[in-house]
Amino acid sequence: MQSNKTLKNDSLRYNEYYDVQNLYDELYSHAKSGGKFSNLMDKILHKENILVAYRKIKTNNGSLTAGHNKHTINDLEKLTPDELVLQVRKRLANYHPHKVERVMIPKANGKLRPLGIPTIEDRLVQQCIRQVLEPICEAKFYDYSFGFRPNRSTTHAMARCYHLMQRNNLHFVVDIDIKGFFDNVNHGKLMKQLWHLGIRDKTLLKLISKMLKAEIIGEGIPTKGTPQGGILSPLLSNVVLNELDWWIHSQWNGMKTRHKYSEGISVNRALKSTKLKEMHIVRYADDFKIFCRTLKEAKNIKIAVTQWLQERLHLEVSEEKSKIVNLKKKYSDFLGFKMKVVRKGIKWSAHKASCKDKFTVRSHMNQKAFDQTVNKIKTAVKQIQHGKPNELPKNIGIYNATIAGLHNYYDTATHISKDFHKVDYLTIKIRKNRFKDLKTKTGTISKFIEEKYGDSKGIHYLCKMAIIPLAKISHKAPMQFTQEISSYSESGRQLIHKKLNSNIEFKITLLMRNPVMGETVEYNDNRLSRFSAQKGKCAVTKMELEVNEVHCHHQIPRHLGGDDKYSNLIIVHEKVHQLIHVVKNEVIERLVTELNLNDDMIKKVNTLRRKCKLETI
DNA sequence: CGATTACAGAT
RNA sequence: CACAUCUGUAAUCG
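Just so you know, these numbers come straight off a predicted model, no measurement behind them.

**Some remarks on the sheet that holds strand E8 (residues 337–343)**
Here is step 1: The 3 strands are arranged E7-E8-E9 in an open sheet whose pairing can be described as antiparallel. Two strands lie at the open edges of the sheet, namely strand E7 (332–334) and strand E9 (359–365), each paired on one side alone. Geometrically, the sheet is characterised by an average inter-axis angle of 35° between neighbouring strands, direction not taken into account.
Here is step 2: Across 7 bridges, the pairing between E8 and E9 is antiparallel. By the bridge assignment, Met-339 is partnered in E9 with Ser-363.

**Describing the packing of helix H10 (residues 187–196) against helix H12 (residues 233–252)**
Here is step 1: At a minimum axis separation of 10 Å, H10 and H12 run at an interaxial angle of 80°. Of the possible angle classes, the one that applies to H10 and H12 is roughly perpendicular. Between H10, through Lys-189, Leu-190, Gln-193 and Leu-194, and H12, the contact on the second element is made entirely by Leu-236, Val-239, Val-240 and Glu-243.
Here is step 2: Its residues assigned to classes, the contact of H10 with H12 comprises 5 nonpolar, 1 polar and 2 charged.

**Side note on the pairing of strand E3 (residues 172–175)**
Here is step 1: Side chains Phe-172 and Val-174 project from E3 onto one buried face, and the interleaved Val-173 and Asp-175 project onto a second face that is buried too.
Here is step 2: Both E3 and strand E5 (residues 287–292) contribute to a ladder of 4 bridges, which runs antiparallel. Residue Asp-175 lies in a different strand from E5, and its bridge partner there is Lys-289.
Here is step 3: Of the pairings in the sheet, the one linking E3 to strand E6 (residues 323–326) comprises 4 bridges and is antiparallel in character. When the bridges of E6 are listed, Asp-175 appears paired with Lys-323.

**Here's the deal with the packing of aromatic side chains**
Here is step 1: Across all of its chains, the model carries 13 aromatic pairs by this definition.
Here is step 2: Summarising the aromatic geometry, the rings of Tyr-14 and Tyr-17 are spaced 6.4 Å apart at their centres and angled 40° between planes, so their arrangement reads as tilted. Residue Tyr-14 and its partner Tyr-17 are located together in helix H1 (residues 10–17), separated by 3 residues, close to a single helical turn.
Here is step 3: Ring centres 6.4 Å apart and planes at 50° place the aromatic pair Tyr-144 and Phe-146 in the tilted group.
Here is step 4: Among the residues examined, Tyr-144 registers a relative accessible area of 21% and is labelled partly exposed.
Here is step 5: Judged by its relative accessible area of 2%, Phe-146 falls in the buried class.
Here is step 6: Pairwise contacts between aromatic rings join Tyr-142, Tyr-144, Phe-146 and Trp-246 into one cluster.
Here is step 7: The ring of Tyr-14 has Arg-55 sitting right over it, with the charged end atom 4.0 Å from the ring centre.
Here is step 8: One cation-aromatic arrangement involves Lys-338 over Tyr-331; the distance from NZ or CZ to the ring centre is 4.7 Å.

**What to know about the protein's contact with DNA strand B**
Here is step 1: Near DNA strand B lie 22 residues; those nearest to it are Arg-13, Tyr-17, Phe-148, Asp-286 and Lys-376.
Here is step 2: The sugar-phosphate portion of DNA strand B accounts for 87% of its atoms within 4 Å of the protein, the bases making up the rest.
Here is step 3: Between Tyr-566 and DNA strand B, the recorded distance is 3.1 Å, taken from a side-chain N or O atom to a sugar or linking oxygen.
Here is step 4: Put simply, the parts of the chain that give the surface near DNA strand B at least two residues each are H1, helix H18 (392–410) and helix H23 (521–533).
Here is step 5: Looking at the surface near DNA strand B element by element, the count peaks at 6 residues for H18.
Here is step 6: Among the residues forming the surface near DNA strand B, the class breakdown is 11 nonpolar, 5 polar and 6 charged.

**Brief notes about the confidence of the model for chain A**
Here is step 1: Confidence in the prediction for chain A averages 88 pLDDT; 92% of positions are at 70 or higher.
Here is step 2: Counting interchain partners and residues more than four positions distant, the pLDDT-below-50 stretch residues 1–6 has 2 contacts.
Here is step 3: Counting interchain partners and residues more than four positions distant, the pLDDT-below-50 stretch residues 262–267 has 10 contacts.
Here is step 4: Here the prediction assigns the complex a pTM of 0.91, and the interface score ipTM is 0.91.

**Details of the nonpolar core**
Here is step 1: Grouped together as the largest cluster of nonpolar side chains are 116 residues, with contacts concentrated most on Ile-199, Leu-204, Ile-290 and Leu-309.
Here is step 2: Among the elements that take part in this core, helix H7 (residues 120–140) stands out by supplying 10 residues, more than any other.
Here is step 3: Judged by nonpolar contacts, the second largest core, of 56 residues, contains Leu-170, Leu-335, Ile-377 and Ile-459.

**Here's the deal with the environment of Met-601**
Here is step 1: Along the chain, Met-601 falls in helix H26 (residues 599–611).
Here is step 2: Met-601 gets classed as buried once you look at its relative accessible area, which sits at 16%.
Here is step 3: Look past the residues within four positions of Met-601 in its chain and what remains in contact with it is Val-540, Thr-541 and Asn-596.

**Digging into the state of the cysteines**
Here is step 1: Inspection of every chain in the model, using the stated rule, returns 0 disulfides.
Here is step 2: Here Cys-161 is not disulfide-linked; the sulfur of Cys-292 is the nearest cysteine sulfur, at 13 Å.

**Let's talk about the pattern of salt bridges**
Here is step 1: For the structure shown, the criterion picks out 28 salt bridges.
Here is step 2: The salt bridge partner of Lys-565 is Glu-77, with a shortest N-O separation of 3.5 Å. Of the two residues, Lys-565 is situated in the loop between strand E13 (550–554) and strand E14 (569–573) and Glu-77 in helix H5 (residues 73–77); the sequence distance between them amounts to 488 residues.
Here is step 3: For Lys-565, a relative accessible area of 32% gives the class partly exposed.
Here is step 4: Lys-189 is paired through a salt bridge with Glu-243; the nearest N and O atoms lie 3.7 Å apart. With a gap of 54 residues between them, Lys-189 in helix H10 and Glu-243 in helix H12 connect regions that are remote in the sequence. Of the two residues, Lys-189 and Glu-243, both sit in the buried class.
Here is step 5: A cluster of three or more residues bridged by salt bridges with shared partners is formed by Arg-55, Lys-58, Glu-522 and Asp-525.

**Thoughts on a positive patch on the surface**
Here is step 1: Where like charges cluster on the molecular surface, the positive patch consists of Lys-107, Lys-111, Arg-113, Lys-321 and Lys-368.
Here is step 2: Mapped onto the secondary structure, Lys-107 falls in the loop between strand E1 (101–106) and strand E2 (112–117).

**So, H7**
Here is step 1: Here H7 spans 30 Å end to end across 21 residues, near enough to the 30 Å set by a 1.5 Å rise per residue.
Here is step 2: At Leu-133, H7 shows its maximal bend, which comes to roughly 35°, and the proline Pro-135 appears one to four places after that position.
Here is step 3: Among the 21 residues of H7, 19 are classified as buried, and the element is accordingly described as predominantly covered.

Thresholds applied
- Residues numbered from 1 in each chain as written.
- Chains lettered and ligands numbered in written order.
- Predicted model: local features only at pLDDT ≥ 70, side-chain atom pairs only at ≥ 80, totals over all residues.
- Heavy atoms only, no water.
- Pairing = 2+ DSSP bridges.
- Helix = DSSP H or I, 4+ residues; strand = E, 2+ residues; numbered from the N terminus.
- Axes fitted to C-alpha atoms, helices over the stretch in contact; angles between N-to-C directions.
- Parallel < 35°, antiparallel > 145°, perpendicular 65-115°, else oblique.
- Contact = heavy atoms within 4.5 Å.
- Nonpolar A, V, L, I, M, F, W, Y, C, P; charged D, E, K, R; others polar.
- Buried < 20%, exposed > 50% of the residue type's maximum accessible area, 1.4 Å probe, protein only.
- Phe/Tyr/Trp six-rings, centres within 6.5 Å; stacked < 30°, edge-to-face > 60°.
- Lys NZ or Arg CZ within 6 Å of the ring centre and 35° of its normal.
- Near = heavy atom within 4 Å.
- Polar contact = N/O pair within 3.5 Å; in protein donor to acceptor, adjacent residues only side chain to side chain.
- pLDDT = per-residue confidence, 0-100.
- Core = buried A, V, L, I, M, F, W, Y, C linked by side-chain atoms within 4.5 Å.
- Disulfide = S-S within 2.5 Å.
- Salt bridge = Lys/Arg side-chain N within 4 Å of Asp/Glu carboxyl O.
- Patch = residues over 30% accessible without salt bridge, like charges linked within 9 Å, V, L, I, M, F, W, Y side chains within 5 Å.
- Areas by Shrake-Rupley, 256 points an atom, 1.4 Å probe, with all protein chains shown as cover.
- Lys, Arg positive; Asp, Glu negative; His and termini not counted.
- Charge placed at Lys NZ, Arg CZ, Asp CG, Glu CD.
- Expected span 1.5 Å × (residues − 1).
- Bend = angle between axes of the 7 residues up to and from the residue.

This is the structure we're talking about:
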């Protein structure tokens, strides 16, 4: 339907570079068909799996923040690929995780969130494991679990809620709040759950167990919980609650699953005597809603789930924060929104009688999101006022990006326009005051603003830059998740990801297999990115390069302080590379004629030579 | 079209 | 000083 939109998935692209997608696909399909896995360590320690893990964590936000041993990504990037691989293999041969750093960060609601930050080495190890576990788990996860999962978003979760409310007519919703979910995950139970999913490699399970029991600084060795901040934690959290998804599912769909998940449990007395009840779970990490048809059913399932979580997963439920909402009367909060149902106007239908009980969804931002939004806008405004004059364009850009970002997220609420009119009203004073000296009659308008907001009555300009009209936002119906989409099958990927040109892909694989010896992982990794970005062509001559002709040049040489970063590397033909560095005149002339360079190309060579502090030719 | 960096959101 | 995962959008560079 919208296939010509720009669809790109970095993670999948990296898998292509390192030729590991097949490995993950096989894990997925084997798991789908009920297979078990008793030897996963080989795959985790696979050379390319380790290198792609490095690739994926190196650009993380925190790759420059040190864990307990003070190491950052800078300490890993200077190793050669072989050294890095060897380091990981050695550590995992006899794994002793480093201590975990404890940091408290403020949440949006004012409370603190306890983070556990593993060292960069342990984050790398966790990423290696995650890459192998994820395909297996993805094959087993429930369709309507949306948090922490590839290709799924809050929008899909909202779309599912809307569907259940107005198509299935389920107007009672149960909210259950688990007390400190991440910090209370039961280790032993988690191990059993992994086993149940078919992950039966004892070495691996032992490894994960050790990881969970890594000492937290100032708190000692944990007996439960999975560190928020660990790379594996989101996946493990889904493993834990996946069992809940299927248990709820079994209450409505068929006896087969029902037996499997209710076996030997005394808790569901509230559900036992009755027939199957229609109920559906929509889950986003530990935040979930269960939609039901009647209040009585809602009450029963609330009791049953509370007991089930307690007995089965050893998790406590907060009675005060858990509740049942009648969506015909009240709003229910979810993922920054609040939603309810209202009677559909009867005049629009030819058959009044049939339409009497039709309900439609009404949604807004919730109160917390509303307050946050007002604050975000106020700080962006202040930043424009208090910032240095030379930073004005940048700060106006940030202001626009802020509003664009907010609009972009909240436009799936049906009555979002009303909310933003209120936001507009609440911030009009501060904006008027602080912008009045900066206002201009006209200015430049970016294509994006033009297209999305251009027909608005009056676009305003600050310092000759268009600013986005705050109140102009219209509702966009959220899209349902199409279950065919998957990162782990050829057909599922086609819906989200455009494959590399196969010729380029082939060459990249060859380059990957033949790293430049003595150079770092960072260099060799960026060499692949650059080659791909230049579509396999020489930056100077634009000719397509054979693999043996590919040279990766440091624009600023290392002896002048140049690094191995992407921005400092460039792919050129090997002879062009010679030409950039050579000083003897006769060699220069020979190369220029051999390469048949025109003026334009020589100009490029000269800019590269200048960066190396060499005479131009 | 490749990569990177900025913004927004959820947990 | 503040981690991780997932998602969306735009801008910049070649």
